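Residue-level listing of the chains:
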Amino acid sequence: MKMLKYALHGERMQRNRLLRQLAAHMLRRCYSSNIRNIGILAHIDAGKTTTTERMLFYSGKTRSLGEVHRGNTVTDYLTQERERGITICSSAVTFPWNGNRINLLDTPGHIDFTMEVEQSLYAVDGVVVVLDGTAGVEAQTVTVWSQADKHKLPRLAFVNKMDRPDADFDKCVNDLKTKLETQPVCIQYPTRNQDGLLAINDVITLEQLTWQPKELGRSYSKTKLEPSADLRELQEKRNELIDQLSGLDDELADVVISTESFDKVSNELIERALRRATCQQKVVPVLLGSAYKNVGIQRLMDAVNTYLPAPEERNQIYECFGNEVAGKVFKIVHDKQRGPLTLVRILRGEIKRGMRLICSRGQAEVVSKLYEPLADEYREVAAVQSGDVVICAGLKSTVTGDLLTSSQSALRNAQKRLKQCQGTATTDEEEELDTDELFGIDRQIPDAVYFCSIEPPNVSSQTAMEQALRQLQREDPSLRVSYDSVTGQTVLGGMGELHMDIIKSRILSEYKIDVDLGPLQIAYKETIESPSITTLSVEKEIAGSKQNVSLTLEVVKDQSELFSLDKSPENLSNLNTLRPRILQVLRKGSVSALERGPRVGGQVVDTQIRLHSATIGRGTADSFVMATAAQCVQKLLSTSGTRLLEPIMALQIVAPSERISGIMADLSRRRALINDVLPKGDRNKMILVNAPLAELSGYSSALRTISSGTASMTMQPSGFSGMNAIDESLAERRAQGLE
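Residues numbered from 1 in each chain as written. Predicted model: local features only at pLDDT ≥ 70, side-chain atom pairs only at ≥ 80, totals over all residues. Heavy atoms only, no water.

- If you look the chain up in an unreviewed UniProt entry, it shows as Ribosome-releasing factor 2, mitochondrial from Drosophila madeirensis.
- Per UniProt, the comment on the chain under Function (unreviewed entry) is "Mitochondrial GTPase that mediates the disassembly of ribosomes from messenger RNA at the termination of mitochondrial protein biosynthesis. Not involved in the GTP-dependent ribosomal translocation step during translation elongation."
- Per UniProt, the comment on the chain under Sequence similarities (unreviewed entry) is "Belongs to the TRAFAC class translation factor GTPase superfamily. Classic translation factor GTPase family. EF-G/EF-2 subfamily." (UniProt positions renumbered as here; feature names shortened; annotations may be inferred.)

## Some thoughts on the pairing of strand E17 (residues 369-374)
So, step 1. The element E17 is largely enclosed, with a buried count of five among its six residues.
So, step 2. Where E17 meets strand E20 (residues 389-393), three bridges bridge the pair, whose relative direction is antiparallel. Within E20, the residue paired with lysine 369 across the bridge is alanine 393.
So, step 3. Inspection of the sheet shows E17 paired to strand E18 (residues 377-381) by five bridges, in the antiparallel sense. Residue pairing in the sheet places leucine 374 in a bridge with glutamate 377 of E18.
So, step 4. Here E17 folds back onto E18 in antiparallel fashion, the turn holding two residues, of which alanine 375 has a positive phi close to 55 degrees. (Buried < 20%, exposed > 50% of the residue type's maximum accessible area, 1.4 Å probe, protein only. Helix = DSSP H or I, 4+ residues; strand = E, 2+ residues; numbered from the N terminus. Pairing = 2+ DSSP bridges.)

## A closer look at the sheet that holds strand E28 (residues 532-542)
So, step 1. Read from one edge to the other, the open sheet built from four strands follows the order E28-E29-E32-E30, with strand pairing classed as mixed. In the strand order of this sheet, the two ends are held by E28 and strand E30 (563-565), each with one partner. Neighbouring strand axes in the sheet, compared pairwise and without regard to direction, differ in orientation by 30 degrees on average.
So, step 2. In the sheet, E30 pairs with strand E32 (residues 607-616) via three bridges, with the strands oriented parallel. Looking at E32, one finds that serine 564 is bridged to arginine 610. (Axes fitted to C-alpha atoms, helices over the stretch in contact; angles between N-to-C directions.)

Here it is as structure tokens:
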């Protein structure tokens, strides 16, 4: 009997295993029309990660609810994320919902990690923007919204925390109109049920939706509203919705005109019209709920399926690849056991295990394994179809932003087809040069605002530290790593104090190296005071070969381009004799000198180098020409003199009214420019201010002290500004370590 019992148990386990494999296979093989690739964006602490946790729980992907304050969420898996309760790295998760497969990217909300958001948006077809119902549109909300605008992504807005007594749904909707200049369409409105708990009135179906708190929000009930003032008000809102959409959608307008009534418009017709308007980015559907109280999340997932586009409805530019593989690399992470893992959005074709791929920079790679994404958990798969997101192991040289194809010829053929569709034609050499521009690959990295030196604890750890920095830089392109030949130190550049602190913490926790960071240095920039022109002649014999270069260069204030030729009649004949390769060498050498100004080593901006003439001796090496050009520009910058430009930060400070005077007095001592003071709710006020970054070191701690912990602030870069002579002198002394 015992043997029979074990045999039956083994059969059941094998059957269940086969069923799970079959379900996973069906999920992987689903058509691209059943896939939704979405990102979730918001200001910090709006509830992105909590919303993601609920989606995973209600879809059956997880068996328990993770909480940010407990440090047990799926997507915040780094030690630093769980300790601080914030998202630092974007993470991908996959889950099924009502016959569709949703690939979701949970992104950071802190300004220091905005590069993570930018990378993730290349992989999605639509986004959910989460608003804090008590705060409305905040500083980082505006930033991520503009990033979604850049990528032309359809959006849903989810007003979170609507269970709180100070939540204001109407204010959030008004903020969407005024601050983000969009057209919100409310398809839900908040209400309270008989127990005083948050419920939702559905505008389209005229139903009240109520969630069961004892069941952790797993189920909810739909109740048709009885004839009442609430029903009449909701019917008016439904008519307003139909009226608004009929002005944007021809099919709906035809039905309204033919029936001469809003009451005869079906729910399905409204949803189809709203989907078309959303995908065309004419409107933004607005939903509401409370992720922490488990209200409204299922309806949000329904809205993702209903209103956001499938992969086949976007990325038409990649149709030029036909059936060949085309995939966009949007993130790289390093795993201790599996090595570098590359997250790829498959745009065309199918990627299989063991396949050979070519990146847009011409390097060949072999995909050793494929994984389905679930944050830091990995489930191996054999192949992944077009429109999906996959993790590839084994890609050693691929970097973020690369376009992966099956072969170099497939890339060239796709370029030719795309050029033909655009009505232009170029040579093969030009086609290879403009691959990034042709396919919209933006490799621009935001300028660092802080610099600091980094030192290993001992000489034996130097190599390990350099390896760790290479891996972290590959994961996070906004991290700058350079070597200062003057001081002999490795220098890090980052987006803020928190960014640099996280890098140090990760090196200690993941690589077991207790590095020492030097004091943070402000990333000043420099610009010339006045135009200057000079001629530099250098003659030298190197290894028996005579090197001879004579250059006449000028620096002028100009923001249009970095390097140009002086086309005046007296110089034109000389410049026409220079080969294009020599001009490229001169440009490269000249522009490289602008990376380090003469005063504090800051990048020189708003400056153009103008070549008047160049005489280069026969047999002169390109490296010698480049070095001479750089030396000539450095001489010009020292002659003309430069002024310092300091980074300016835009701050939003929210504090009780009685604390405002003390905060403003402190800001005035920090050379801050107060732009406005606005009411924020019944008791609080919001200060909008611009202040130099140099005056804001440790300001968050100072603000907590001044306000007794009642104030909060957000900060983001707002360009550069000139300085007076006294502040310039002080900045130079700080840069030299004298202050």
